[in-house]
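Summary of the model geometry
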Amino acid sequence: MTHATYDYRKIAFMIREINLREKTVLVTRVEHLNNDWISANHYLGQEGEVEIPIAATRDSSEMNYPVKKILSSSGRRKLCMALESEYKVYLKLLVYANNLTNEEKEISVELANKNCPWLELKLPSFEMQEPVFDEGGDGLPSTNFFI
């Protein structure tokens, strides 16, 4: 499943009946995409050098963007609060990532806290049994999905 298509809460809802402790979870983080791609392929048994797929990218340096302002601290805080549940599911999925080291997981937590220090995010314990999300008026039903 890809985060480009679904938000993390939707992904959590779709896999709610799966016990992630009994499954292999491979994660690729956008900010470390190439390294995570390599580690996922090595985890799956590929030996030697891993070929990184090259996606066509467009040069956006010459584009005239309509928004030229920088998000204020207050606006950034509000955005972080709106994304809090996404961050929490993301960090819970990282706990189960078989292709990432504990250090790589901690780097992701540090980056999340740098971007949204108001949330004071922590990497949950592997043994932690909390619902990923509760019914909260967001259109997603409450589930028994625990990770």
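As the structure is a prediction and not an experimental result, all values here were calculated from the model. (Residues numbered from 1 in each chain as written. Predicted model: local features only at pLDDT ≥ 70, side-chain atom pairs only at ≥ 80, totals over all residues. Heavy atoms only, no water.)

1. A word on the state of the cysteines
In a disulfide, the sulfur atoms of two cysteines are covalently bonded to one another. Basically, it comes down to this: Counting rule for disulfides: a pair of cysteine sulfur atoms within 2.5 Å. Helix and strand definitions here come from DSSP, where helices need a minimum of 4 consecutive H or I residues and strands a minimum of 2 consecutive E residues; each element is numbered from the N-terminal end.
Inspection of the entire model under this criterion finds 1 disulfide. Each sulfur of the disulfide joining Cys 80 and Cys 116 lies 2.0 Å from the other. Torsion about the S-S bond of the Cys 80 and Cys 116 cystine: about -80°, corresponding to left-handed handedness. Taken as a pair, Cys 80 in helix H3 (residues 73-82) and Cys 116 in the segment after helix H5 (102-115) lie far apart in primary sequence, 36 residues in all.

2. Overview of the packing of aromatic side chains
Convention followed: For Phe, Tyr and Trp, rings pair up if their centres lie within 6.5 Å, where Trp contributes its six-membered ring, and each pair is then called stacked (planes under 30 degrees apart), edge-to-face (over 60) or tilted (otherwise). When a residue's accessible area, from a 1.4 Å probe over protein chains only, is under 20% of the maximum for its type it is buried; when over 50% it is exposed; and in between it is partly exposed.
Tallied over the entire structure, the rule returns 1 aromatic pair. Between the aromatic rings of Tyr 8 and Tyr 90, the centroid separation amounts to 5.5 Å while the plane-to-plane angle is 40°, which identifies the pairing as tilted. With Tyr 8 in helix H1 (residues 8-14) and Tyr 90 in helix H4 (residues 84-95), this residue pair connects regions lying 82 residues apart in the sequence. Owing to a relative accessible area of 17%, Tyr 8 belongs among the buried residues under this scheme. Judged by relative accessible area, Tyr 90 falls into the buried class, the value being 12%.

3. Remarks on the side chain of Ser 39
To keep it simple, the criterion reads: Here a polar contact is recorded for every N or O atom pair within 3.5 Å, except that within protein the pair must consist of a potential hydrogen donor and a potential acceptor, and residues adjacent in sequence are included only if both atoms are side-chain atoms. In this description, contact between two residues means that some pair of their heavy atoms is separated by no more than 4.5 Å.
Within the element layout of this structure, Ser 39 appears in helix H2 (residues 33-43). Of the residues examined, Ser 39 reaches a relative accessible area of 17% and is grouped as buried. For Ser 39, the side chain forms a polar contact with the main-chain oxygen of Asn 99, separated by 3.1 Å. In contact with Ser 39, other than residues within four places in its own chain, are Asn 99 and Leu 100.

4. Section: H5
Which entries qualify depends on this criterion: The span one expects for a helix is its residue count, reduced by one, times 1.5 Å. Directions from the helix axis toward the C-beta atoms define the arc.
Between its first and last C-alpha, H5 extends 20 Å over 14 residues, near the 20 Å set by a 1.5 Å rise per residue. Burial in H5 covers these residues: Lys 105, Ser 108, Val 109, Ala 112 and Asn 113. With its buried residues spanning 135° around the axis, H5 presents them on a single face. Turned more than 90 degrees away from the buried face of H5, the exposed residues are Glu 103, Glu 110 and Lys 114. Buried-residue contacts for H5 involve H4.

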